[in-house]
Amino acid sequence: MAEAEAMRETLLACVERGFDMVQVEFDSKNLVDILNGALQNEAIIDSIVWDILQLKQQLRSVEFLFTSRVCNGVAH
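Residues numbered from 1 in each chain as written. Predicted model: local features only at pLDDT ≥ 70, side-chain atom pairs only at ≥ 80, totals over all residues. Heavy atoms only, no water.

## Considering the pattern of salt bridges
Two side chains bearing opposite charge may form a pair once their charged atoms approach each other closely. Applying the stated criterion across every chain yields a total of 3 salt bridges. Across the salt bridge formed by Arg-8 and Asp-51, the nearest N and O atoms sit 2.8 Å from each other. One end of the pair, Arg-8, is in helix α1 (residues 2-16); the other, Asp-51, is in helix α3 (residues 46-57), with 43 residues separating them in the sequence. Here Arg-60 and Asp-20 are joined by a salt bridge, their closest N and O atoms 3.3 Å apart. Remark: Asp-20 occurs in the loop between α1 and β1 (21-26) and Arg-60 occurs in the loop between α3 and β2 (61-66); sequence separation between them is 40 residues. (Salt bridge = Lys/Arg side-chain N within 4 Å of Asp/Glu carboxyl O. Helix = DSSP H or I, 4+ residues; strand = E, 2+ residues; numbered from the N terminus.)

## A word on the packing of α1 against α3
Put simply, α1 and α3 touch, their axes get as near as 9 Å, and they point 20° apart. Judged on the interaxial angle alone, α3 and α1 are roughly parallel. The interaxial crossing formed by α1 with α3 has left-handed handedness. Residue-level contacts link Ala-4, Glu-5, Met-7, Arg-8, Leu-11, Leu-12 and Val-15 of α1 to Ile-48, Asp-51, Ile-52, Leu-55 and Lys-56 of α3. (Axes fitted to C-alpha atoms, helices over the stretch in contact; angles between N-to-C directions. Parallel < 35°, antiparallel > 145°, perpendicular 65-115°, else oblique. Left-handed = near helix turned anticlockwise from the far one by under 90°. Contact = heavy atoms within 4.5 Å.)

## Let's talk about the pairing of β1
Burial along β1 is one-sided: the face carrying Val-22, Val-24 and Phe-26 is buried and the face carrying Met-21, Gln-23 and Glu-25 is not. With 6 bridges connecting them, β1 and β2 associate as parallel partners. The residue bridging Gln-23 from the neighbouring strand is Glu-63, located in β2. (Buried < 20%, exposed > 50% of the residue type's maximum accessible area, 1.4 Å probe, protein only. Pairing = 2+ DSSP bridges.)

Everything listed here is a matter of geometry and, on its own, says nothing about what the molecule does.
Here it is as structure tokens:
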């Protein structure tokens, strides 16, 4: 849930700053799969996912990419 909220805040910041093409890397494969439509929403984060998808529509291009923790040393 915390990662979904972080994703929402990230996209909101991108919209507010006028970015139109965004690539977001996350180490949560489930969240990336949900946002890319490959996995069904979990009820607990349903409203957050809805917010993220609404923010996505305000941007020209958004890519949600999975990066394992091993390859994501900067964030950890």
